[in-house]
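Examination of the molecular architecture
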Amino acid sequence: MTEKMVKLTLNGREVQAPEGENVLQVALNEGIDIPHFCYHPGIGVEGSCRLCLVEVEGLRNLQPSCNVVVKEGLVVRTNTPEVEEARRGVMEFFLLNHPLDCPICDKGGECPLQNFALDSGQSNSRMEFEKVHKDKHQVISDHIMLDKERCVLCNRCVRFLRNLTGREELQFRNRGVVTEIFVPEGKPLTNGFTGNLPDICPVGALTSREFRFQARPWELKTVDTICGECSLGCSVQTWTKKLNVLRMTPRVEGGVNEWWLCDRGRFSIKKNLKGNRLTEPRRTSGESYTGSLEEYVETLKEEIQKLSDGSFVIAADSTLTNEEIYALHQMVDVTSGRLFVQPKEALHQVYASLKASDREAHFPKDLDHADTVILAGENLEKDHPVLLLRLRRMLAAKQIDLFTVGSGSLGFEDVRKGHIEVSDSPADIQKFFKKLQSKSHEAFSEARKVHMLISDQWVSSETESGIRNWFKSCPEGWKFSLLLSGANTRGMLDQWDDKTFSDTLLEKEIQQGRVDGILWIGSVNEPEKYAEYFKGMKLFAQMATEDENCVEGAHWHIPLDTFLEKKGTYTNTFGRLRRLRRSTRVVRKGFQTLEFLSALTNALTGNKKLELSQMYENVSNQLPLYPKRLEEIPESKETYAYLERAQWR
Ligand code: FES
């Protein structure tokens, strides 16, 4: 469906815009600033702040531009003396009771109110009375502080929580100048998206407890990267001061996270960068290794080469980038080894079937065109939180009907059209797909364009045949996506070859004495049991992020990066390539995972060192659906509009 475009005139300039769009958004897209508080593209039009007034030819009064829909031939002026006069009047009302505490407000430097006041307000106040004072510094959740006095009552936070998270955790009370935002029954906010509140708050009323007073925005450097806490790979900006990552904010990416981030990703900085990180490589003695990367890699190479043919294996977790996975494949090729990965064989088979069919959904296009969405086996708030916000936005706009299938709380109880109870037992899951095949699920009889999201937790050796058969036999109009668990599980599945196996098979391989040496990347689920296995091996090297995850008795302990320290690419659960850029360094220079793995691979293969872009090209040469070059990976540079507008940028 292509959008119909109309022509309108903005400040004497002819522009084109999609029919139905509001004038405020069109003007912002055209780089014309119109002050506004209550409108937010992800939350919608409210029309209450009256700050976005413009002149529309043919209409007698000034109009709130967020509430005027564009149509062919519309003529709008945003900068006439009348508009500016009206704006100044509205700003004066906003500033009547607003505390003039910019120098000590944590929003200072990136505050829309501050910017608008500077642009269109007046420098002195005619207010002669004592300002109305309200509660300050109120902790309302693990992450958020509320200052009621600064609130301009734009209602964005209330609408965001109500419409997109389904929670009424902030509300208004009272009338007139004593109207205020409050937390009903004083209960702290528990939704998993509270970090978005400081982003959307146009003043310093809602601030992040983690970031408050850590730095002023102009002191910080930003890095465009992605979040690696789930397989959506949301676009983010990290904000660093002298290599300290102080906060993470979203970049607006329509095909991924839209305007949002979840708390799990946004507040993962401490978990990932602080704590007992393993920052130095170590040898058997437990002592830090102080020599060069080359010497370290050379010794490790010799130990690997001493192993008998085929007895060297690598066990890798799904946090590795595509380029790191590529390096591992080269390593197993040259050593005749094997690669054991987290995804199960059954998942690989289901994934391969889906790709071979024409049933895989193109995200978000197929979701946008669907009339029905079926969410099978997953609680989105827990596993892919930001996707929940997109579905709730679509449900609020009555774009889709939603069905959940599974057991326990899958969310959406208040808005879904139906629920089909299916336990997590493979037999029941298989039965559900059989029933779908026999066309006896009346619940979906009216659905024409269906997007079914299936959790990878539902895929097992017992259920894979039922799922694959359904891909083949489902009616026209059905499309599917697999919701994968690890950050780069899809990248791992894409590079799966005949030397790749599921790590569920590894224990048996060890027990049968077929493994003499292992490079284990990530934590070990049953460390005590495996420590016994590793004792009998000639080589056990473990790469780990934290001291706690290091298994005792390893011959080598090698530091492992988190996503905030990586550069390279991930492939998200919908097949979109995502670019990671390094925000900081925790691990000793040279021993970052990509550098270490490629140095070891090069030592084993005799190949020369490659730049990241060349490594990516080696990956994309094998995978025709991947963009050919690193620079061709589409990504949004757009940040939250207000941060872009801030005066210091
Ligand atoms: Fe238009 Fe508030 S943004 S009235």
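Relevant structure appears above.
Residues numbered from 1 in each chain as written. Predicted model: local features only at pLDDT ≥ 70, side-chain atom pairs only at ≥ 80, totals over all residues. Heavy atoms only, no water.

1. What about helix H13 (residues 385-396)?
For H13, which comprises 12 residues, the first-to-last C-alpha distance of 17 Å matches the rise-based estimate of 16 Å (1.5 Å per residue) to within 8%. In terms of burial, H13 is largely enclosed, as 10 of its 12 residues are buried. Within H13, burial applies to Pro385, Val386, Leu387, Leu388, Leu389, Arg390, Leu391, Arg392, Met394 and Leu395. Among the residues trailing H13, Lys398 stands out with phi positive, at a value near 55 degrees. (Helix = DSSP H or I, 4+ residues; strand = E, 2+ residues; numbered from the N terminus. Expected span 1.5 Å × (residues − 1). Buried < 20%, exposed > 50% of the residue type's maximum accessible area, 1.4 Å probe, protein only.)

2. Points about the pattern of salt bridges
Taken as a whole and judged by the stated rule, the model has 57 salt bridges. Between Arg13 and Glu30 there is a salt bridge whose closest N-O contact spans 3.2 Å. Of this pair, Arg13 sits in strand S2 (residues 13-18) while Glu30 sits in the loop between helix H1 (23-29) and strand S3 (53-56), placing them 17 residues apart in sequence. For Glu30, a relative accessible area of 29% translates into the label partly exposed. In this structure, Arg588 engages Glu280 in a salt bridge whose closest nitrogen and oxygen atoms are separated by 3.6 Å. Here Arg588, found in the loop between strand S27 (577-580) and helix H19 (593-605), pairs with Glu280, found in the loop between helix H7 (269-273) and strand S14 (282-283); they are 308 residues apart in sequence, far enough to count as distant. (Salt bridge = Lys/Arg side-chain N within 4 Å of Asp/Glu carboxyl O.)

3. Observations concerning the layout of surface pockets
In this structure, the second largest pocket spans a volume of roughly 910 Å³. For the lining of the second largest pocket, the elements supplying multiple residues, two or more each, are H7, strand S15 (312-316), helix H17 (506-511) and strand S23 (517-521). (1 Å grid on protein atoms, 1.4 Å probe; cavity = no way out; pocket = protein on both sides within 12 Å on 5 of 7 lines; lining within 4 Å. Points joined across faces, edges and corners; volume = space filled by probe spheres on them.)

4. Comments concerning the nonpolar core
Ranked by internal contacts, the top residues of the largest apolar core, which has 73 residues, are Phe37, Phe160, Leu170, Leu197, Leu206 and Leu391. If you tally residues by element for this core, the top one is H13, at seven residues. Residues contacting Leu206, with those up to four places away along its chain left out, are Ile140, Ile144, Met145, Leu146, Cys157, Leu170, Leu197, Pro198 and Cys201. Leu307, Ala316, Met331 and Leu493 belong to the second-largest nonpolar core, a separate cluster that totals 65 residues. (Core = buried A, V, L, I, M, F, W, Y, C linked by side-chain atoms within 4.5 Å. Contact = heavy atoms within 4.5 Å.)

5. Things to note about the environment of Gln237
Of note, Gln237 is situated in strand S12 (residues 235-241). Assessed through its relative accessible area of 5%, Gln237 is described here as buried. A polar contact of 3.2 Å, which involves the side chain of Gln237, links it to the side chain of Asp224. (Polar contact = N/O pair within 3.5 Å; in protein donor to acceptor, adjacent residues only side chain to side chain.)

6. Details of the pairing of strand S16 (residues 338-341)
Of the two faces of S16, the one carrying Arg338 and Phe340 and the one carrying Leu339 and Val341 are both buried. Relative to S16, S15 runs parallel, the two sharing four bridges. Bridge pairing links Ala316 to Val341 in S16. Handedness of the crossover is the feature at issue here: the chain leaves S15, passes through helix H9 (residues 322-335), returns alongside S16, and the resulting connection is right-handed. Pairing of S16 with strand S22 (residues 500-502) involves three bridges; the strand directions are parallel. (Pairing = 2+ DSSP bridges. Right-handed = clockwise from strand over helix to strand, strands pointing away.)

7. Concerning the pairing of strand S25 (residues 556-559)
Every second residue of S25 is oriented toward a common face, with Trp556 and Ile558 on one face and His557 and Pro559 on the other, all of them buried. Here two bridges tie S14 to S25, and the two strands are oriented antiparallel to one another. Paired with Arg282 across the two strands is His557, which belongs to S25. In this sheet, S25 lies alongside strand S24 (residues 539-544) in parallel orientation, the contact comprising four bridges. From the neighbouring strand, Met543 faces S25, where its bridge partner is Ile558.

8. Digging into the packing of helix H4 (residues 156-165) against H13
Where H4 meets H13, the closest approach of the two axes is 8 Å, and the angle between their N-to-C directions is 90 degrees. In terms of orientation, H4 lies roughly perpendicular with respect to H13. Facing Phe160, Asn163, Leu164 and Thr165 of H4, the residues of H13 in contact are Leu388, Leu389, Arg392, Arg393 and Ala396. When its residues are assigned to classes, the contact of H4 with H13 shows five nonpolar, two polar and two charged. (Axes fitted to C-alpha atoms, helices over the stretch in contact; angles between N-to-C directions. Parallel < 35°, antiparallel > 145°, perpendicular 65-115°, else oblique. Nonpolar A, V, L, I, M, F, W, Y, C, P; charged D, E, K, R; others polar.)

Everything listed here is a matter of geometry and, on its own, says nothing about what the molecule does.
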